[in-house]
Amino acid sequence: MSVLRIAKPVYDAIRAHGEETYPHECCGALLGRGAADGWRIEAAVKAGNTRTDSPKNRYQIAPGELVKIEREARSRGLSIAGFYHSHPDHPAQWSATDFAEAHWLGCSYVITAVAEGSAAVTNSFLLAGTTEEDKRYEQETIEVFATSEAASESLTAPTESKKA
Amino acid sequence: MTIYIPTPLRPYAAGKDAVDVNAGTVSGALDELTQTFPDLRKHLFTAEGKLRAFVNVYLNDEDIRYLPEKDATAVSAGDTLSIVPSIAGGCQVSDRMNSFLWLTRFPTLSPERRRKGRARSW
């Protein structure tokens, strides 16, 4: 089982993001560095949910916003290591929709269940495999590590959001 | 010009996050990229040679699908091409599975809230 190591301020911030957007889904990108047994997440970037038609049970990040996020990651010497989103009043388990729409092989997909407005379980799933045909989700162990960075610096402001 | 390689495709581009190519158009740039790194081709294109539906290609800040000349658009040395797989999803397990998981994960919820949860259609 791979391990997702995530800085505590980032972990706290992505869970808080799910509470902020409740009852709608939140979403964003995780920035980090690769290690032999998984990603080490050092920052996260909030993204706008472009699924304004069904924000309670769908999320989508505009590709133009992803271009900007990737640019920010490069400028910080980091890579897009994965993504996070929330499941309002729903378990922190990947859904058929999550799987069908997952294309970032080798990256981590973090899901936080938000129960009646409060962040509950947070799980991470590595999108394993080498192609669209053999991809699969594998649950990861989450390890939260302490950092001296201020929490407010770990979750950057949302970049420009576009409607799909 | 520079082509930025997304995280999932770097293993097929010798681990590089950016590749410099010398091409006149977007399609020419992608051709040069996949000639240099042939393993990338199946990840970017279908068997018919079309860009896969979930693969977005941006010339600087513009989606090439919305450019008048699409992948025939001319490029210059200072341009960048970003390859960005799409990202989307959402909660939608079956109602039966949802009821089971919901009750086991959040047993402290009030009976009224549980009923509300079961009644909702995801």
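The written sequence of each chain sets the order in which its residues are numbered from 1. Here every chain gets a letter starting at A, and every ligand a number starting at 1, in the order they are written. For a predicted model such as this one, the threshold for reporting local features is a pLDDT of at least 70, and the threshold for listing and counting side-chain atom pairs is 80 or more; totals across whole chains, interfaces and linings nevertheless cover every residue. With hydrogens and water set aside, each side-chain value is computed from the structure's full complement of heavy atoms.

### Details of the nonpolar core
We call a set of buried Ala, Val, Leu, Ile, Met, Phe, Trp, Tyr and Cys residues a nonpolar core when their side-chain atoms join them within 4.5 Å. When accessible area is computed with a 1.4 Å probe and restricted to protein chains, residues below 20% of their type maximum are described as buried, those above 50% as exposed, and intermediate ones as partly exposed. Counting 29 residues, the largest nonpolar core has Leu-31, Ile-61, Ile-69, Phe-83, Trp-104 and Tyr-109 of chain A together with Ile-87 of chain B as its most contacted members. For this core, the secondary structure elements donating two or more residues are strand E2 (27-35), strand E3 (38-47), strand E4 (59-61), helix H2 (63-75), strand E5 (79-88), strand E6 (108-115) and strand E7 (118-128) of chain A. Secondary structure elements are defined from DSSP: runs of H or I of at least 4 residues count as helices, runs of E of at least 2 residues count as strands, and each element is numbered from the N terminus.

### Things to note about helix H1 (residues 8-21) of chain A
The terminal C-alpha atoms of H1 of chain A lie 20 Å apart, and with 14 residues this matches the ideal 20 Å at 1.5 Å per residue to within 8%. Looking only at H1 of chain A, the buried set comprises Pro-9, Val-10, Tyr-11, Ala-13, Ile-14, Arg-15, His-17 and Gly-18 of chain A. An expected span of 1.5 Å times one less than the residue number is assigned to each helix.

### A word on the pattern of salt bridges
Definition used for salt bridges: Asp or Glu carboxyl oxygen within 4 Å of a side-chain nitrogen of Lys or Arg. According to the stated counting rule, one finds 11 salt bridges over all chains in the structure shown. The residue Glu-42 of chain A makes a salt bridge to Arg-33 of chain A at a minimum N-O spacing of 2.8 Å. Relative accessible area serves as the criterion here: at 40%, Arg-33 of chain A is assigned to the partly exposed category. Across the salt bridge formed by Arg-65 of chain B and Asp-63 of chain B, the nearest N and O atoms sit 2.8 Å from each other. Residue Arg-65 of chain B is classed as partly exposed on the basis of its relative accessible area, which comes to 37%. Classification of Asp-63 of chain B as buried rests on a relative accessible area of 6%.

### Quick look at the pairing of strand E3 (residues 55-59) of chain B
All names here are of chain B. Counted residue by residue, E3 has 5 buried out of 5 residues, so it is predominantly covered. Alternating positions in E3 separate into two faces, Val-55, Val-57 and Leu-59 on one and Asn-56 and Tyr-58 on the other, with burial throughout. Pairing between two strands requires that DSSP report at least two bridges joining them. Bridging between E3 and strand E4 (residues 62-63) involves 2 bridges; their strand directions are antiparallel. The residue of E4 that forms the bridge with Leu-59 is Glu-62. From the end of E3 to the start of E4, which pair antiparallel, there are 2 residues, and Asn-60 there has a positive phi angle of about 55°.

### Points about the confidence of the model for chain A
Residue and element names in this part refer to chain A. You can read pLDDT as the predictor saying how much it trusts each residue, on a scale of 0 to 100. Put simply, chain A has an average pLDDT of 90, and 90% of its residues get 70 or more. Within chain A, the element-level pLDDT minimum falls on strand E9 (residues 155-156), averaging 59, and the maximum on E7, averaging 98. Confidence drops under pLDDT 50 across residues 158-164; counting only partners more than four residues distant or on other chains, this segment forms 15 contacts. A contact between two residues is defined here by any heavy atoms of the two lying within 4.5 Å.

### Regarding the environment of Ser-2 of chain A
Residues and elements named next belong to chain A. Within the secondary structure layout, Ser-2 lies in the segment before strand E1 (3-7). Sequence separation between Ser-2 and Glu-140 is 138 residues; the distance between their C-alpha atoms is 5.3 Å. When near neighbours in sequence (up to four residues on either side) are disregarded, Ser-2 contacts Asp-37, Leu-126, Glu-140 and Thr-141. For this analysis, a polar contact is any N or O atom pair within 3.5 Å, provided that within protein one partner can donate a hydrogen and the other can accept it, and provided that sequence-adjacent residues contribute only side-chain to side-chain pairs. There is a polar contact of 2.9 Å between the side chain of Ser-2 and the side chain of Glu-140.

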